[in-house]
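Residues per chain, in single letters:
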Amino acid sequence: MPLTREEREQFLAEPHIAALAVAAEEGRAPLSVPIWYQYEPGGDVWILTGRDSRKHRLISAAGRFTLMVDRLEPTVRYVSVEGPVVDTVPFTVENLREISARYLPAEKVEEYVDFSLKNHGEMVVIRMRPERWVSSDLGSV
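One structure accompanies this document, and this report is about it. The shown structure was predicted, so the numbers you read here are calculated from the model rather than taken from an experiment. (Residues numbered from 1 in each chain as written. Predicted model: local features only at pLDDT ≥ 70, side-chain atom pairs only at ≥ 80, totals over all residues. Heavy atoms only, no water.)

**Some points on the pattern of salt bridges**
Okay, so step 1: Using the criterion set out here, one finds eleven salt bridges in the structure.
Okay, so step 2: Of the charged contacts, one joins Asp 137 and Arg 77 as a salt bridge, the two residues approaching to 2.8 Å between their closest N and O atoms. Taken together, the positions of Asp 137 in strand β7 (residues 132-139) and Arg 77 in strand β5 (residues 76-90) put the pair 60 residues apart, joining distant regions of the chain. Just as Asp 137 is buried, Arg 77 falls in that class too.
Okay, so step 3: Close ionic contact of Glu 82 with Arg 132 constitutes a salt bridge, the shortest N to O distance being 3.2 Å. Here Arg 132 lies in strand β7 and Glu 82 lies in strand β5, a separation of 50 residues in the sequence. (Salt bridge = Lys/Arg side-chain N within 4 Å of Asp/Glu carboxyl O. Helix = DSSP H or I, 4+ residues; strand = E, 2+ residues; numbered from the N terminus. Buried < 20%, exposed > 50% of the residue type's maximum accessible area, 1.4 Å probe, protein only.)

Written as structure tokens, this is what we have:
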């Protein structure tokens, strides 16, 4: 069964690991990689990635990307959202803390932020406006 707008937005707002997909160079399949993301119902989705990363280059060239999140319990449910990039800006440490706190236990956030600042290089925040949604709850299997 397809999810209602409220159900799909709430599901996307939960801290799932997303599969990001974006068109790649000619002769290559689309890039598809796991990624952390942030979303609040009714707003834009945002991700952090390296300024010099392949993801950033491909998203910049394509001007849009897709995120897909799923779960297996208590029911098989998924949401896929695709849309245009509406903003790309340099990250802030607060962006990094916010997205880290979404996925990590509170006591691990600062340690991860320090690690990331030392090891991941310059990053950017890429915001995508959800435009097309595909969703379903397949029930218990």
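What follows picks up the thread again.
**Examining the environment of Val 81**
Okay, so step 1: Relative to the helices and strands, Val 81 is located in strand β5.
Okay, so step 2: On the accessibility criterion, Val 81 (0% relative accessible area) is buried.
Okay, so step 3: Sequence spacing of Val 81 and Val 45 is 36 residues, and the spatial spacing of their C-alpha atoms is 9.2 Å.
Okay, so step 4: Discounting chain neighbours no more than four positions away, the residues touching Val 81 are Leu 12, Phe 65, Thr 66, Leu 67, Met 128, Pro 130, Arg 132 and Trp 133. (Contact = heavy atoms within 4.5 Å.)

**Describing the side chain of Thr 75**
Okay, so step 1: Position of Thr 75 among the secondary structure elements: in the loop between β4 (64-71) and β5.
Okay, so step 2: Residue Thr 75 is classed as buried on the basis of its relative accessible area, which comes to 16%.
Okay, so step 3: Polar contacts involving the side chain of Thr 75 include one to the side chain of Arg 71, which spans 3.0 Å.
Okay, so step 4: Separated by 3.0 Å, the side chains of Thr 75 and Asp 137 make a polar contact.
Okay, so step 5: Filtering out sequence-adjacent residues up to four positions away, Thr 75 remains in contact with Asp 137, Gly 139 and Ser 140. (Polar contact = N/O pair within 3.5 Å; in protein donor to acceptor, adjacent residues only side chain to side chain.)

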